[in-house]
Amino acid sequence: MEQKQKEVDEKKWVYDSSVDHKGRLPLRASTGVWKASLFIIVYMIAAQLYQKWEVVIVMKTTKLVTNLAIEFSERLSYFGIATSLILYLSKVMHEDLKSAAKSVNYWSGVTTMMPLLGGFLADAYLGRFSTVLISSIVYLLGLILLTMSRVVPSLRPCGPGACLEPRKVHEVVFFLAIYLISIGTGGHKPALESFGADQFDDDHSEERQKKMSYFNWWNFGLCSGLLLGVTVIVYVQDHVSWGAADIILCVVMAITIVVFCVGRPFYRYRKPMGSPLTPLLQVLVAAIAKRKLPYPSNPSQLYEVPAAEKTLGRLLCHTDKLKFLDKAAIIEDNEDSVEKQRSSWGLATVTNVEEMKLILNMIPIWLGCLPFGICVAQASTFFIKQGATMNRKIDNDFLIPAASIFSLAALGMIASVTIYEKILVPVLRRATGTERGIKILQRIGIGMVFSMLAMIVAALVEKKRLGVVEKNPKTGSMSMSVFWLAPQFVIIGIGDGFSLVGLQEYFYDQVPDSMRSLGIAFYLSVIGAANFLSSLMITVVDNITEKHGKSWFGKDLNTSRLDKFYWLLAILNMLNLWVYVILARRYSYKNVQRRAAVAVADCSKEDGVTFTSMA
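Description of the pattern of salt bridges
Turning to step 1, where the next piece is worked out: On inspection of all chains with the given rule, the structure shows 17 salt bridges.
Turning to step 2, where the next piece is worked out: The partner of Arg128 in a salt bridge is Asp123, with the nearest N and O atoms 2.9 Å apart.
Turning to step 3, where the next piece is worked out: Take Asp123: its relative accessible area is 4%, and that puts it in the buried class.
Turning to step 4, where the next piece is worked out: With its nearest N and O atoms 2.3 Å apart, the salt bridge here joins Asp198 to Arg128. Here the residue Asp198 occupies a position in the loop between α7 (168–197) and α8 (205–239), and Arg128 occupies one in helix α6 (residues 128–151), the gap between them amounting to 70 residues.

Here it is, written out as structure tokens:
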């Protein structure tokens, strides 16, 4: 009878440590799941709509590039800035190819590392909803300032007449606006995505399966915002004015903030739990202090908070890896009570120890994803430059914007995510008998194979383009259609549908429950660190090749050998893939105790999903 009452209560109420907007236990029927996530995804799509457009408003003045309003959605918001900057820096600021590429990579690296701070504040002190709201206001202020740099005559890049270089005041306002947007994204990006995933109860089987689809549809929404940016917004810019498009986008951004706030009664909220780093440091201190103690014969002798007393977060099952950390959970035989040992950082729970293991286990995976991130960085730099040097005309009347070829990558990703969600997952679930169908790390590995193929195709296409330039030095590669770049964009889009979506899910799912926003920030940091490494590679390769003949990076594409650089990346990714497969096969997934009627759970794990037997 008591068990039936518990099942009825769990159908009515949500017992995953979340609360509703009034701080009460959430009602399952009226909060969370898709009804709440749709508010968040709609808000995200509108934000992406501007992020594809936001920096290109400086381009039109010199008439060097028109309609550079698009980014490939999985370059994660600020790669739209990177896409535009590579052309802006080379055409308007007159930087050479390698300097412009390095500047873009540094910018992208900084802006994708910023969410580490925002994610920490969201998890520890502000909460995800408050972090999204505050950062969105800062973000909107940056957009308004960026729009002013186009609309206000004294802030425009150039005045009437010839323009050899932009005004200094425009540069100041432009970069101030960009850094405001960067600060906004630092909180907006990690908190918004994790807040959307928080709307699903991990301990409710139906909601847990819906959550596995969440990241697929999140990225589907990102790509939808991308396509809107290159149709509706580009049309307004071309046929009305740049200022009109800028104003529309600011208004849309403001409206979506209101829409986000309207959904407040439907959301489920997680209370900030203080610094998530403190328990991890406590484990290290306790493990080092007890390093000479003998390991207990039975893991059940390790200290854990009783399930009935666990009010926030979930308990984790003990694992056998990194056993030296288990000593932090040994209860010492002395006069000190358990409470006193814990307060003096002399004792940690099994859950805290397992959380520390999770973080340490992630480090090799994080490092193993960096070569893939370096490939991602090329699409927002060199791929765009290639498109700008090729024939972009259709019917001799319409000129395709140089960056608009990215729409093919977005379509490739939309197709990839849709086929994966609607066809592959159901088939694989039936074949493997698991909830996910395939493990998260397997999904990421499949995307890495596609990224390697994209580099190979890019190398072959660039080799052909250079051959055309050699035969026709006067016209260059303008006789070669920009659609020669379509295969590499489509392939990398398909790959990102596996790897980037998989990375988002991995870092959200496998971090401790108290670090979900930081988890999304860890994912972004892969892309950010990869941009720094891409800049470093350009510098190293440039110096080495210059010493042994001719540099692979000249002043422009026609005097460079990007094909060789792409081959180098393909080989690097092939070697890295072997290492990644070994790491993925040895990886231990998060082992969670589901809610049960007993204090001590019998945990069993299958394909990264943990089940607890009911007693």
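Quick notes on the environment of Tyr269
Turning to step 1, where the next piece is worked out: Examined against the element boundaries, Tyr269 turns out to sit in strand β2 (residues 269–270).
Turning to step 2, where the next piece is worked out: If we ignore the near neighbours within four places in the chain, the residues touching Tyr269 are Ser17, Ser18, Val19, Asp20, His21, Phe129, Phe195 and Arg264.
Turning to step 3, where the next piece is worked out: A distance of 2.7 Å separates a polar atom in the side chain of Tyr269 from the backbone oxygen of Arg264.

A short note on the side chain of Arg436
Turning to step 1, where the next piece is worked out: Its place among the elements puts Arg436 in the loop between α15 (406–432) and α16 (440–471).
Turning to step 2, where the next piece is worked out: Residue contacts for Arg436: discarding those within four places in its chain leaves Met212, Tyr420, Val425, Arg429, Glu505 and Asp509.

Here's the deal with unusual backbone geometry
Turning to step 1, where the next piece is worked out: Within the chain, Leu322 stands out as a residue other than glycine whose phi angle is a positive 50 degrees.
Turning to step 2, where the next piece is worked out: Within the secondary structure layout, Leu322 lies in the loop between α10 (277–289) and α11 (338–343).
Turning to step 3, where the next piece is worked out: Of the residues examined, Leu322 reaches a relative accessible area of 28% and is grouped as partly exposed.

Reading the values: rules and limits
- Residues numbered from 1 in each chain as written.
- Predicted model: local features only at pLDDT ≥ 70, side-chain atom pairs only at ≥ 80, totals over all residues.
- Heavy atoms only, no water.
- Salt bridge = Lys/Arg side-chain N within 4 Å of Asp/Glu carboxyl O.
- Buried < 20%, exposed > 50% of the residue type's maximum accessible area, 1.4 Å probe, protein only.
- Helix = DSSP H or I, 4+ residues; strand = E, 2+ residues; numbered from the N terminus.
- Contact = heavy atoms within 4.5 Å.
- Polar contact = N/O pair within 3.5 Å; in protein donor to acceptor, adjacent residues only side chain to side chain.

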